[in-house]
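# Structural features, examined
Spelled out, the chains give:
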Amino acid sequence: MFRLFLRTLVWLVIVGWGKYACGQNAGMSFPDFPLSQGVSAPFAGFVGDSLIVAGGCNFPDIPAAEGGKKKFYDAVYAVDVKAEKRQWQYLSSLPFPIAYGVSVSTERGLVCIGGQNEEGVLDRVFLLKADGQIVSLPSLPVPIDNGGAAVYGTTVYVTGGNQPNGGKALYSLDLSFPVVWKRLADYPGYRRIQPVVLAVSGGVFLIGGYDFIAETNDCILSTELLRYDVAYRKWSTYDVLVPEQKGGRRCMVGGSGIVLGDNLILAGGVNYSVFKQAMEGKGPDDYMRKPVDWYRFNTDILIYDWVGKDWRILHDVQGMARAGGILLIYDHQLFMVCGELKPGVRSPQVTLFPLNRLVINN
């Protein structure tokens, strides 16, 4: 009964906030990321009161549409969100430039996993502390980029992305005794590159993602939510993504998410049909030069009650249409950190949406 009450309370608060946020600039003021062109696919998360953003990539000199070269970064920046005047501070440098890895926030620091740079895909894992100190953790069994990760309790889970030989393994590491990563069951179906991975009581969700079949020139965008049952050690198809507002399929490729009570909160990501056509070489000749709105990145925030299997949508929330951005939650606020506005064009903006009514209803 209490659990049902809590879910209802959380949803009522979200609905009230949604009426305030949808279709307008509801975000509170927050300083832009120090790199004026922004970055995509960085490591990002909260450690204590500090928002830490590390690495990432962009096209600093020549735009991607004109054949520019992508640059990977190693800088670690942080901002104290409790400070009276919020300012980004340079903390330290990563061991190497990197983007397209995954990160999860823990009490000990930000766990940074895998990724890629100009030299290839990496298997390195390390803990990034609030002061910028870096502590090595056991490397992944294989290099992984463009995957997803989540933490529940003291256990970190990693899956999806580009794994050697088309692998689809799920790996876990117990941070209370971090000796070696365990390989768990492979997820079924096609690969899931750039998925959303979230961990809840008793399970891990693998949401969205895509695969590209070179032999048939076919881009497969997954619409199913898969769930790994920790107790039974197996995957199953749990549900499907809710369609877009006009009925089109939704894919969540390049999206991000957080867990709030019994709700999975999803935001960002590319448009199913626009992305699929581009990957299959069916887009227009000026594909990279279209205006931002043409790409139809996801502007909705999806709220999924995974216990009741119920979808709710907040339509057209400004500042959420990012691919490769990082959705975070801290002190009753959602943060969307950096990401792409369109292919090749990053944003330095950190968008905030207040959830203060949780405090009022408590």
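Cut-off values and rules
Residues numbered from 1 in each chain as written. Predicted model: local features only at pLDDT ≥ 70, side-chain atom pairs only at ≥ 80, totals over all residues. Heavy atoms only, no water. Phe/Tyr/Trp six-rings, centres within 6.5 Å; stacked < 30°, edge-to-face > 60°. Helix = DSSP H or I, 4+ residues; strand = E, 2+ residues; numbered from the N terminus. Buried < 20%, exposed > 50% of the residue type's maximum accessible area, 1.4 Å probe, protein only. Lys NZ or Arg CZ within 6 Å of the ring centre and 35° of its normal. Pairing = 2+ DSSP bridges. Axes fitted to C-alpha atoms, helices over the stretch in contact; angles between N-to-C directions. Contact = heavy atoms within 4.5 Å. Polar contact = N/O pair within 3.5 Å; in protein donor to acceptor, adjacent residues only side chain to side chain.

This part is about the packing of aromatic side chains. The final tally for this structure, using the stated rule, is 19 aromatic pairs. Where Tyr-210 meets Phe-275, the ring centres are 5.1 Å apart and the plane angle is 70°; that geometry is what we call edge-to-face. Taken together, the positions of Tyr-210 in strand E19 (residues 210–213) and Phe-275 in helix H2 (residues 272–279) put the pair 65 residues apart, joining distant regions of the chain. Like Phe-275, Tyr-210 is buried. Ring centres 4.3 Å apart and planes at 35° place the aromatic pair Tyr-304 and Trp-311 in the tilted group. Each member of the pair, Tyr-304 together with Trp-311, is buried. Here a set of aromatic residues connected by ring pairs shows up, and it is made of Phe-30, Phe-33, Phe-46, Tyr-77, Trp-88, Tyr-90, Tyr-330 and Phe-335. In this arrangement the basic side chain of Lys-309 is found over the ring face of Tyr-238, its NZ or CZ atom lying 4.4 Å from the centre.

The next point concerns the sheet that holds strand E25 (residues 301–305). Judged by pairing direction, the sheet is antiparallel, and its four strands sit side by side in the order E23-E24-E25-E26 without closing on themselves. Among the strands making up the open sheet, the edge pair consists of strand E23 (255–260) and strand E26 (310–314). The mean angle between the axes of side-by-side strands here comes to 20°, regardless of whether they run parallel or antiparallel. In the sheet, E23 pairs with strand E24 (residues 263–268) via six bridges, with the strands oriented antiparallel. Of the residues in E24, the one forming a bridge with Leu-260 is Asn-263.

Right, let's get into the sheet that holds strand E7 (residues 102–106). Strands sit in the order E7-E8-E11-E12 across an open sheet of four strands; the sheet is antiparallel. Here the strands that pair on one side only, and so sit at the sheet edges, are E7 and strand E12 (134–137). Across the sheet, the mean angle from the axis of one strand to that of its neighbour is 25°, orientation sign disregarded.

Right, let's get into the environment of Lys-82. Along the chain, Lys-82 turns up in the loop between strand E5 (75–80) and strand E6 (89–93). Note: C-alpha distance between Lys-82 and Asp-331 (249 residues apart in sequence) is 9.8 Å. Non-local contacts of Lys-82, meaning those with residues more than four positions away in its chain, are made with Asp-49, Tyr-330 and Asp-331. In terms of polar contacts, Lys-82 uses its side chain to reach the side chain of Asp-331, at 3.1 Å.

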